[in-house]
Amino acid sequence: MKKVFIDGETGTTGLQVKDRLVNHPHIEIISIDPAKKRDVEEKRRLMKEADVTVLCLPDDAAKDSVLLAKQEGCRILDASSVHRVAEGWVYGLPELDVTQRDKIKNAQFVSNPGCYPTGVILLLKPLIEAGLLSASYDYSINAVSGYSGGGNALIDRFESADDTPIFGAYGLAFNHKHLAEMKKWSDLDKTPIFVPSVGNFRQGMLSFLPIQLNGDVTMEQLQAKLAEVYANDTFVTVNGFNVIVDNATPFLTPHGLEDTNQIELSVLSEPGNKSGILVAKLDNLGKGASGAAVQNLNIMLGFDEDIAVNLR
Ligand SMILES: NC(=O)C1=CN([C@@H]2O[C@H](COP(=O)(O)OP(=O)(O)OC[C@H]3O[C@@H](n4cnc5c(N)ncnc54)[C@H](OP(=O)(O)O)[C@@H]3O)[C@@H](O)[C@H]2O)C=CC1
Ligand SMILES: CC(=O)N[C@@H](CCC(=O)OP(=O)(O)O)C(=O)O
């Protein structure tokens, strides 16, 4: 058995990591006494005992815990957004390319990706790498997330206040914390324009990337390349060209993947069109956070990467 300490076990992401790991046959969770959850020496003791510590903390608290881990030489999987483009950290997106799983397996410090970047990067990176899309294109991304993406504070607001909107755009200063991560790991020349939004539902996410093609490239080729690249990836499904897979068809909704570690990629257009959209659907708390964290833990600890990644 390997031991895992979840620092931030009672938060939205931490609870979902815990709920997955209680079903893990090879991992034992070591928990902090709730009365001591901010006690630095108690954290140090548990970190030293654990094979890996998962940080499910606000950014500033995550920085403090990483200082402890550095002092003690402990392994960390950080779900916060602090280290996703930081030197000395491995980006925890196993499907990024064929070398990424080995990097994750051997790393001391792994940073779990943000929910929005997970979809955007998996769509853009392989298409740019293949020369089908340009790194210098003016990309824009519109996305909608379930309110659990905002952690306990937003959950409380949506579930207890009576003045919550059905839908609201945010991040309108265009400096969202996920931009650096999207640019770096998709290999973009420019920072994209990103308009996130939140809807009055708990879990689920859709990210849309409108594309205008130049030259001979077709939208069908984009779908074919994505299908080829992710053919062997258990958690990535590439839908057929212009096929909407949704219980609510003809509507494309953020729903259907809740509590799973799956992500669905789609290329939607009409045959022969030179424009269309790339779409990623995932559970912001699944492949966007806790499912991905358990997948990364499995890789870091040498287990099959699909053990206990889903809640259903
Ligand atoms: N929600 C999501 O969809 C995603 C979240 N993340 C990231 O995961 C991290 C956690 O987010 P989320 O779960 O949403 O946030 P929550 O606000 O739901 O949970 C944060 C938890 O951390 C606890 N906490 C705060 N400070 C400390 C500390 N110093 N020591 C120990 N525990 C502490 C909080 O306790 P208390 O309530 O008592 O303050 C709370 O239980 C963030 O960095 C976020 O960016 C990543 C991907 C997706
Ligand atoms: C709806 C909502 O507020 N979503 C969060 C992102 C959630 C996520 O991916 O978390 P990280 O904090 O780990 O980056 C936001 O836009 O900041």
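Our subject is the structure that appears above.
Everything quoted here is computed from the prediction, not taken from an experiment.

1. Section: the side chain of Ser148
In this fold, Ser148 is placed in the loop between strand E7 (140-146) and helix H6 (151-160). Taking the relative accessible area as the measure of exposure, Ser148 reaches 2% and is therefore buried. When residues no more than four places from it in sequence are discounted, the contact partners of Ser148 are Thr12, Ile155, Arg202, Gln203, Asn284 and Leu285.

2. Remarks on the nonpolar core
Counting 41 residues, the largest nonpolar core has Leu124, Leu133, Leu222, Leu265 and Leu278 as the members making the most contacts within it. For this core, the secondary-structure elements that each account for two or more residues are helix H5 (115-129), E7, helix H7 (179-186), strand E10 (205-212), helix H8 (219-229), strand E11 (236-238), strand E12 (263-268) and strand E13 (275-282). Here the element with the most residues in this core is H5; it accounts for 9 residues. Shared between two domains, this core takes at least three residues from each, and those domains are domain 1 (2-113 + 288-301) and domain 2 (115-284). Leu265 has contacts with Leu122, Leu123, Tyr230, Val236, Thr237, Val238, Asn239, Val279 and Ala280, leaving out every residue within four places of it along the chain. Counting 26 residues, the second-largest nonpolar core is a separate cluster that includes Val4, Cys56, Ala107 and Phe235.

3. As for the site of ligand 1
Around ligand 1, a shell composed of 25 residues is seen, among which Thr12, Thr13, Lys37, Lys43 and Leu57 lie nearest. Residue Ser148 places a main-chain N or O atom 3.0 Å away from a nitrogen atom belonging to ligand 1. Burial of ligand 1 by the surrounding chains reaches 80%, relative to a free accessible area of 900 Å². Elements supplying a minimum of two residues to the shell around ligand 1: helix H1 (12-21), helix H3 (59-72), H6 and helix H9 (286-301). Residue composition of the shell around ligand 1, grouped by class: 7 nonpolar, 11 polar and 7 charged. A domain-level breakdown of the shell around ligand 1 finds at least three residues from each of domain 1 (2-113 + 288-301) and domain 2 (115-284).

4. A few points about the site of ligand 2
Taken together, the neighbourhood of ligand 2 is formed by 13 residues, with Arg84, Cys115, Tyr170, Lys177 and His178 sitting nearest. Within the side chain of His178, an N or O atom sits 2.3 Å from an oxygen atom of ligand 2. For ligand 2, whose unbound accessible area comes to 430 Å², protein coverage reaches 82%. Considering only residue class, the shell around ligand 2 consists of 4 nonpolar, 7 polar and 2 charged. Split by domain, the residues of the shell around ligand 2 number at least three in each of domain 1 (2-113 + 288-301) and domain 2 (115-284).

5. Quick word on the side chain of Glu95
The topology assignment puts Glu95 in the loop between strand E5 (90-91) and helix H4 (100-106). Of the residues examined, Glu95 reaches a relative accessible area of 4% and is grouped as buried.

Procedures and definitions
Residues numbered from 1 in each chain as written. Chains lettered and ligands numbered in written order. Predicted model: local features only at pLDDT ≥ 70, side-chain atom pairs only at ≥ 80, totals over all residues. Heavy atoms only, no water. Helix = DSSP H or I, 4+ residues; strand = E, 2+ residues; numbered from the N terminus. Buried < 20%, exposed > 50% of the residue type's maximum accessible area, 1.4 Å probe, protein only. Contact = heavy atoms within 4.5 Å. Core = buried A, V, L, I, M, F, W, Y, C linked by side-chain atoms within 4.5 Å. Domains from an automatic or database assignment. Near = heavy atom within 4 Å. Polar contact = N/O pair within 3.5 Å; in protein donor to acceptor, adjacent residues only side chain to side chain. Areas by Shrake-Rupley, 256 points an atom, 1.4 Å probe, with all protein chains shown as cover. Nonpolar A, V, L, I, M, F, W, Y, C, P; charged D, E, K, R; others polar.

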